[in-house]
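Examining the three-dimensional arrangement
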Amino acid sequence: QHTMFDLNLKWKPSRSKENADMVKSLSKLGWSTVAWNTTTFGKLSASVKPVNSVSLEPLDVKECLKYRNLVCGSGSTADLVQLNRLTVTLDEVVDAQALTTGNDVLKAFDIVAASPGNAAVFAHLCKSAQVDIITLDFSRRLPFPIIKKQLDQAVERGIYFEIVYAPLLQGPHARKEILSGTRILIQFLRGKNLIISSGAENHTDVRGTYDVLNIGQLLNLTQEQAKQAITKNCESLIKHAKARRLKFIPVEVLPADEVHKRLPKRSQQAILAKGNNKRHMAETDTAENAEVPKKDDVANKRAKIDEKEQNAVAEESDVVDSEGDAEEAESENEMSEDDGNLRF
């Protein structure tokens, strides 16, 4: 089983019931991770904040789990991971240049998307902007051409392109524009760095995972490419978003004592106990090393003992040799005396 993603749900701040109904529908239909989309236009404002996750009542969770087991099989959970997404619609390159990793507004969102209004903004987003998604409104004719070189620049930087399927359900005119506009994008990308999202404003706009796979095939994607557009590609996109947020984190250099003071008491006690254990082990090793003689010392002592034994053996052999010489001399003298007696 794969994790299914829908990373574009329109948040309605004044319609909490509709938001809850959308979460229930998504959970029943087998989706696992969704993103609530906050939209803004032009220059970023500090007032733009991420939204809170929607919580369901226990009875609703039980109902969702019942339907979800029919779609995904037994053993699945009704928990829905809810992320925050910001989509900025841009008509000026100056505003697009503010989309950097140092922007405090962007740091508050899990995913950052941008929608270009002209060719200059589109070129800047593909080449330089620190975003995760470039979303294009294919429900109307694009005011600029899609150039493959620019797409390649964006793909090389890990940026993903989004196709929203909700307008396909609105009428024949929007359907015709989307099928015509996405053709070139799909032809250039060949399924890479492409995601499919609902862009749903109501729970009636949400479709099941298998329906979205069929929509992908309607857009001239293969079944595998359509599957990756709601699974694997979305996973990679979220990893890219995390890496973007963690790219430039301020680091504070502190002395070891100050770091120890800032830790919770439980962590301090654990570190202290670990240090005491290391100290005890070091003392034990020192004592053992002091008691056990080194190999070099033992070898030297053995060499000295062997040398003494060799010297003693040599001395004994010298004594034996000298005694033998004396006995030979004595026997010669006795023989000479006997010879003299015989002559007289």
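An account of the accompanying structure is given in this report. None of the values given here were measured: they were computed from a predicted structure.

1. Overview of the environment of T40
Structurally, T40 is set in strand 2 (residues 33-41). Judged by relative accessible area, which is 11%, T40 ranks as buried. Along the primary structure T40 and A114 are separated by 74 residues, whereas in three dimensions their C-alpha atoms are 9.7 Å apart.

2. Considerations on the packing of helix 6 (residues 148-156) against helix 7 (residues 172-189)
Two elements in contact, helix 6 and helix 7, have axes whose closest approach is 10 Å; the angle formed by their N-to-C orientations is 60°. It follows that helix 6 is oblique to helix 7 by the angle criterion. The chirality of how helix 6 crosses helix 7 is right-handed. Touching K148, L151 and V155 of helix 6 are L185, F188 and L189, all from helix 7. Partitioning the contact of helix 6 with helix 7 into residue classes produces five nonpolar, no polar and one charged.

3. Comments concerning the packing of aromatic side chains
Counting across every chain of the model gives two aromatic pairs. Between the aromatic rings of W11 and W36, the centroid separation amounts to 5.1 Å while the plane-to-plane angle is 80°, which identifies the pairing as edge-to-face. Placement of the pair is W11 in the loop between strand 1 (5-10) and helix 1 (16-28) and W36 in strand 2, with a sequence separation of 25 residues. Classification of W11 by relative accessible area gives partly exposed; the value is 23%.

4. Structural notes on the pairing of strand 3 (residues 81-90)
Judged by how many residues are buried, strand 3 sits mostly within the fold: eight of ten residues are covered. Note that strand 2 and strand 3 share nine bridges and pair parallel. Within strand 3, the position partnered with T39 by the bridge is T87.

5. Side note on the sheet that holds strand 7 (residues 194-197)
With respect to topology, seven strands assemble into an open sheet ordered 1-2-3-4-5-6-7, the strand pairing being parallel. Strands at the two margins of the open sheet, each flanked by one partner only, are strand 1 and strand 7. Taking the axes of each pair of neighbouring strands and ignoring which way they run, one obtains an average angle of 30° across the sheet. Taken strand by strand, helix 1 contacts strand 1, strand 2 and strand 3, and its axis lies near 165° from that of strand 1.

6. Comments concerning the layout of surface pockets
Empty space among the atoms becomes visible once a probe the size of a water molecule is rolled across them. Looking at the largest pocket, its volume works out to about 770 Å³. Lining the largest pocket are 34 residues, with N8, K10, T39, D137 and V164 positioned closest to its centre. Counting residues per element, the ones that place at least two in the lining of the largest pocket are strand 1, strand 2, strand 3, strand 4 (111-116) and strand 6 (160-164). For the lining of the largest pocket, the leading source of residues is strand 2, giving four residues. Partitioning the lining of the largest pocket into residue classes produces 14 nonpolar, twelve polar and eight charged.

7. Examining the pattern of salt bridges
As a working rule, side chains carrying opposite charge can pair if their charged atoms are close by. Scanning the entire structure with this criterion turns up twelve salt bridges. Between K24 and D60 there is a salt bridge, and its shortest N-O distance comes to 4.0 Å. Within this pair, whereas K24 is found in helix 1, its partner D60 is found in helix 2 (residues 58-72), the two being separated by 36 residues in sequence. Per residue, the accessibility class of K24 equals that of D60, and both read buried.

8. Description of the environment of N84
Inspection of the secondary structure assignment puts N84 in strand 3. Taking relative accessible area as the criterion, N84 reaches 11% and is therefore assigned buried. C-alpha separation for the pair N84 and W11, spaced 73 residues apart in sequence, amounts to 9.9 Å. Contacts of N84, omitting those with residues within four sequence positions, involve W36, P50, V51, F109, D110 and I111. Looking at N84, its side chain comes within polar contact range of the main-chain nitrogen of V51, at 2.9 Å.

Conventions adopted
Residues numbered from 1 in each chain as written. Predicted model: local features only at pLDDT ≥ 70, side-chain atom pairs only at ≥ 80, totals over all residues. Heavy atoms only, no water. Helix = DSSP H or I, 4+ residues; strand = E, 2+ residues; numbered from the N terminus. Buried < 20%, exposed > 50% of the residue type's maximum accessible area, 1.4 Å probe, protein only. Axes fitted to C-alpha atoms, helices over the stretch in contact; angles between N-to-C directions. Parallel < 35°, antiparallel > 145°, perpendicular 65-115°, else oblique. Left-handed = near helix turned anticlockwise from the far one by under 90°. Contact = heavy atoms within 4.5 Å. Nonpolar A, V, L, I, M, F, W, Y, C, P; charged D, E, K, R; others polar. Phe/Tyr/Trp six-rings, centres within 6.5 Å; stacked < 30°, edge-to-face > 60°. Pairing = 2+ DSSP bridges. 1 Å grid on protein atoms, 1.4 Å probe; cavity = no way out; pocket = protein on both sides within 12 Å on 5 of 7 lines; lining within 4 Å. Points joined across faces, edges and corners; volume = space filled by probe spheres on them. Salt bridge = Lys/Arg side-chain N within 4 Å of Asp/Glu carboxyl O. Polar contact = N/O pair within 3.5 Å; in protein donor to acceptor, adjacent residues only side chain to side chain.

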